[in-house]
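The primary structure of each chain is shown beneath.
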Amino acid sequence: MKFSYTALRDRSTISLQDSAHEQRTVSHRLFLLLSVGLIISVSLNFATLYIWFYSNGPFNPLFPQALYSPAQDVLEYKSVKFHSGFGPDMPIYDQPPSDEVDRAWEGLYEFAYSKIPRNQAVRLANKTYPILGDNPATYMLALDVFHELHCLVNFSSSNCAQRPILPQDEIRKAMYPDYYPHTSEGINTNHMHHCLSSLRQSIMCTADISTIVWQWSEKSQAAKERSDILHTCRDFEKIQEWGKKHFAGTMQDMTIFIPDDLNIP
């Protein structure tokens, strides 16, 4: 019987083939890694462009201030413990009426009337009016927080256009009829209704979801509501500083027509 044998391959040939296979494997893995890296890089670039576009556009879904405001760059948040309005250590605004209390309330919105340049005015969601005589052109506005504070200390006249932003404090002063005499108009005015409506809508709009709690009171022998709790608040002092920096001075005569070509997209 004859046998035939298949010759063994040369070891050097085997080594070369194994090395080629390993190189193909490494190349394949490297290709996959580069592909994944490229996909991640492109995705991050698109995300960056998306954030940049919307944060600089009139509508920004990524941040709490969705509609553009020229004061949005100064927004900062801090934790603030509210005062319940009862007991000792009353804030100045809750103290009995006095000249000092009046000055404190008025100081909350002393710089409410602001002006901004044209390149900011064109980014507003609504068109606003130019300021007479300014060159280059500036435009008038008021941050709504100052409007709401004004409403708490609402002045009685409904003709806002002809008056500076100085209050007669009708809502607050109505609590102290012996200290503050009523005006001839009283407090049941169209402007008062406007302010109450505005405050209601502002409260609903901001919709603070901080949690009021109930705690046991040994003194009352009952669980009592506690409203002196921590809130996450925008830093009001920084917004006041913005108002002071952009203060437009005395309200201009609003009966003068100023032709203007400001376009809101």
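Shown above is the structure to which this text applies.
Here the structure is a predicted model, which means the values were calculated and not measured.

Novice: Even after reading the chapter, I still don't get the overall build of the protein chain, so can you show me in this structure?
Specialist: The number of helices and strands found in the protein chain is 7 helices and 6 strands. Across the protein chain, helices and strands are ordered from the amino to the carboxyl terminus as α-β-α-β-α-β-α-α-α-β-β-β-α. Going through the 265 residues of the protein chain one by one, you find that 25% of them count as buried. Restricting to contacts in the protein chain with at least 6 residues of sequence separation, those with at least 24 account for 64%. Split by element, the accessible area of the protein chain, about 19100 Å² in all, is 59% carbon and sulfur.

Novice: When you look at the packing of helix 4 (residues 144-152) against helix 6 (residues 190-206) in this model, what are you seeing that I'm missing?
Specialist: The description of two helices packed together rests on the angle between their axes and the distance between the axes. Packing of helix 4 against helix 6 leaves a shortest axis separation of 9 Å and a crossing angle of 130°. By the angle class used here, helix 4 and helix 6 are oblique. The interaxial crossing formed by helix 4 with helix 6 has left-handed handedness. Listed contacts from helix 6 to H147, E148, H150, C151 and L152 of helix 4 are H191, H194, C195, S198, L199 and S202. Split into classes, the residues belonging to the contact of helix 4 with helix 6 amount to 4 nonpolar, 6 polar and 1 charged.

Novice: Would you mind going over helix 7 (residues 236-245) with me for this structure?
Specialist: Along an α-helix, residues three or four apart share an orientation, since each turn contains 3.6 residues. For helix 7, the full list of buried residues reads F236, I239, W242 and G243. Within helix 7, the buried residues cover an arc of 115° as seen down the axis, which keeps them to one side. The outward face of helix 7, more than 90 degrees from its buried face, is lined by the exposed residues E241 and K245. As for helix 7, its buried residues are in contact with strand 2 (114-117), strand 3 (138-141), helix 4 and strand 6 (230-234).

Novice: Just to check I follow, could you spell out the packing of aromatic side chains for this structure?
Specialist: The description of an aromatic ring pair rests on the distance of the ring centres and on the angle between the ring planes. Per the stated rule, a full pass over the model turns up 5 aromatic pairs. Between Y93 and W105, the ring centres sit 5.7 Å apart and the planes meet at 80°, which makes this aromatic pair edge-to-face. Of this pair, Y93 sits in the loop between strand 1 (77-81) and helix 2 (99-107) while W105 sits in helix 2, and the two are 12 residues apart along the sequence. Summarising the aromatic geometry, the rings of F146 and F236 are spaced 6.2 Å apart at their centres and angled 65° between planes, so their arrangement reads as edge-to-face. Remark: F236 occurs in helix 7 and F146 occurs in helix 4; sequence separation between them is 90 residues.

Novice: Explain the pairing of strand 2 to me, please; I cannot follow it from the model alone.
Specialist: For a regular strand, side chains alternate in direction, first toward one face of the sheet and then toward the other. Burial along strand 2 is one-sided: the residues S114 and I116 are buried and none of K115 and P117 is. Sheet topology places strand 2 next to strand 3; 4 bridges connect them, and they run antiparallel. Note that in strand 3 the partner of S114 across the bridge is L141.

Novice: Would you explain the state of the cysteines in this entry?
Specialist: A complete count under the given rule lists 1 disulfide for this structure. Note on cysteine connectivity: C151 is disulfide-linked to C195, with sulfurs 2.4 Å apart. Across the S-S bond of C151 and C195 the torsion is about -70°, and the bridge reads as left-handed. Residue C151 is found in helix 4, and its partner C195 is found in helix 6; the two are separated by 44 residues along the sequence. Here C151 matches C195 in class, with each residue buried.

Novice: Just to check I follow, could you spell out the nonpolar core for this structure?
Specialist: A general trend in soluble globular proteins is that nonpolar side chains are found buried together. L108, Y109, I116, L141, L143, F146 and W242 are the most contacted members of the largest nonpolar core, which has 20 residues in total. Looking at this core, the elements that each hand over two or more residues are helix 2, strand 3, helix 4 and helix 7. Sorting elements by how many residues they give to this core places helix 7 first, with 3 residues. If near-sequence neighbours (up to four positions away) are discounted, W242 is found in contact with P70, A71, V74, S114, I116, L141 and L143.

Reading the values: the criteria
- All residue numbers refer to position in the chain's written sequence, counted from 1.
- Only residues with pLDDT of at least 70 get local features here, since the model is predicted, and only at 80 or more are side-chain atom pairs given and counted; chain-wide, interface and lining totals rely on the full set of residues.
- Hydrogens and waters are ignored; side-chain quantities use all the structure's heavy atoms.
- Elements are defined by DSSP. Helices are runs of H or I of four residues or more, strands are runs of E of two residues or more, and each kind is numbered from the N terminus.
- Exposure categories follow from relative accessible area, calculated using a 1.4 Å probe and restricted to protein chains: below 20% of the type maximum is buried, above 50% is exposed, and the middle band is partly exposed.
- The contact criterion used is simple: two residues touch if any of their non-hydrogen atoms lie within 4.5 Å.
- Method for areas: the Shrake-Rupley scheme with a 1.4 Å probe, in which residue coverage is limited to the protein chains shown.
- Here, axes are lines fitted to C-alpha atoms. For helices the fit covers the stretch in contact, and angles between N-to-C directions go from 0 to 180 degrees.
- Each angle gets one of four labels, with under 35 degrees taken as roughly parallel, over 145 as roughly antiparallel, 65 to 115 as roughly perpendicular, and the rest as oblique.
- By convention the crossing between two helices is left-handed if the near helix lies anticlockwise of the far one by an angle smaller than a right angle, and right-handed if it lies clockwise.
- Residues were grouped as follows: Ala, Val, Leu, Ile, Met, Phe, Trp, Tyr, Cys and Pro as nonpolar; Asp, Glu, Lys and Arg as charged; and all remaining residues, including Gly, as polar.
- Summarising the geometry, the arc corresponds to the directions from the helix axis toward the C-beta atoms.
- The aromatic pairing rule takes the rings of Phe, Tyr and Trp, using the six-membered ring of Trp, and pairs them if the centres are within 6.5 Å, calling planes under 30 degrees apart stacked, those over 60 edge-to-face and the rest tilted.
- A pair of strands is treated as paired once DSSP finds two or more bridges between them.
- In this description, the term disulfide denotes a pair of cysteine sulfurs within 2.5 Å.
- Take the buried residues of types Ala, Val, Leu, Ile, Met, Phe, Trp, Tyr and Cys, join any two whose side-chain atoms come within 4.5 Å, and each joined set is a nonpolar core.

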